[in-house]
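Now for the letters of each chain:
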Amino acid sequence: MPTHDELATYLLKILESQFDISSLYDFSGTKTPSTLTDSDAAGMADRAAAFTLREWDPYYYTKKSMAGSIGGSRSKPRPRLTVADLRRVDGMTKAEAAKKLKTSTATIGRLRAKQRDRPSFN
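From a predicted model like this one, the values you see are computed outputs, not experimental measurements.

We now examine the overall build of the protein chain. If you tally the helices and strands in the protein chain, you get six helices and two strands. Starting at the N terminus, the α and β elements of the protein chain follow one another as α-β-β-α-α-α-α-α. When the 122 residues of the protein chain are sorted by exposure, 17% land in the buried category. When contacts within the protein chain are restricted to residue pairs at least 6 apart in sequence, long-range pairs at least 24 apart make up 42% of them. Accessible surface, the protein chain: about 10,000 Å² in total, of which carbon and sulfur atoms supply 56%.

The structure is reproduced here in C-alpha cells:
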C-alpha cells in the first residue's frame, strides 16, 4: 500500500499530463477548462490521495464477486400462472387481477386471450 505522499505525487503527475498547470504568479488570468494553478492541482491530488487511502479495501473485488454469486443463486424464476389462477380472478378487471396475482396487466390479457382461444371441455 503506498503512503499518502507517494499516492499524492502519483496523482499530481496524472493531473500534469492532463492539464496545463502553472504557478499562481505566472497565471495570465485567462483560465480555460484545461488550466489549473499548481496549488489547485496539489490540493486536488492531496484530497484524492486522502480519500483513496481512507476508503481503500484490498478485498473489494472479492467481496463484490462473492455477493454477485450469492445473489445469482438466490434469484429464482417466478411460478407460472395457471388456468386455476385465472379462474380465481374471473370477473375482475385486468388491473385488479394483475394486482391480486402480482403480475402485469399485459400478462393477464395474454393469459385471458390464450384461454379464450382454447376449446372448452365443459
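That shown, we press on.
Here T37 shows up in strand β2 (residues 35-37). Judged by relative accessible area, T37 falls into the buried class, the value being 5%. For T37, the side chain forms a polar contact with the side chain of D40, separated by 3.1 Å.

Let us now look at the packing of helix α5 (residues 94-101) against helix α6 (residues 105-117). It is at 8 Å that the axes of α5 and α6 come closest, and there the two elements cross at 105°. For the element pair α5 / α6, the angle class is roughly perpendicular. Taken together, the residues of α6 that come into contact with α5 (itself represented by K94, A95, A97, A98 and L101) are T105, I108, G109 and R112.

The subject of this paragraph is unusual backbone geometry. Located in the positive-phi region is K102, a residue other than glycine, with phi close to 55°. Inspection of the secondary structure puts K102 in the loop between α5 and α6.

What follows concerns the packing of aromatic side chains. Using the criterion set out here, one finds one aromatic pair in the structure. Ring plane angle 80° and centroid distance 5.2 Å describe the contact between Y60 and Y61, whose orientation is recorded as edge-to-face. Residue Y60 is classed as partly exposed on the basis of its relative accessible area, which comes to 43%. The class of Y61 is exposed, set by a relative accessible area of 69%.

The nonpolar side chains of a soluble globular protein tend to be buried, and buried together. Counting residues in each nonpolar core, the largest one holds seven residues, listed as L86, V89, A97, A98, L101, I108 and L111. Elements supplying a minimum of two residues to this core: α5 and α6. The element best represented in this core is α5, accounting for three residues. Apart from residues lying up to four places away in sequence, I108 is in contact with K94, A97, A98, L101 and T103.

Turning our attention to a positive patch on the surface. There is a patch of like positive charges on the surface, built from R80, R110, K114 and R118. Within the element layout of this structure, K114 appears in helix α6. Overall, K114 belongs to the partly exposed group, its relative accessible area being 48%.

Criteria and thresholds
- Residues numbered from 1 in each chain as written.
- Predicted model: local features only at pLDDT ≥ 70, side-chain atom pairs only at ≥ 80, totals over all residues.
- Heavy atoms only, no water.
- Helix = DSSP H or I, 4+ residues; strand = E, 2+ residues; numbered from the N terminus.
- Buried < 20%, exposed > 50% of the residue type's maximum accessible area, 1.4 Å probe, protein only.
- Contact = heavy atoms within 4.5 Å.
- Areas by Shrake-Rupley, 256 points an atom, 1.4 Å probe, with all protein chains shown as cover.
- Polar contact = N/O pair within 3.5 Å; in protein donor to acceptor, adjacent residues only side chain to side chain.
- Axes fitted to C-alpha atoms, helices over the stretch in contact; angles between N-to-C directions.
- Parallel < 35°, antiparallel > 145°, perpendicular 65-115°, else oblique.
- Phe/Tyr/Trp six-rings, centres within 6.5 Å; stacked < 30°, edge-to-face > 60°.
- Core = buried A, V, L, I, M, F, W, Y, C linked by side-chain atoms within 4.5 Å.
- Patch = residues over 30% accessible without salt bridge, like charges linked within 9 Å, V, L, I, M, F, W, Y side chains within 5 Å.
- Salt bridge = Lys/Arg side-chain N within 4 Å of Asp/Glu carboxyl O.
- Lys, Arg positive; Asp, Glu negative; His and termini not counted.
- Charge placed at Lys NZ, Arg CZ, Asp CG, Glu CD.

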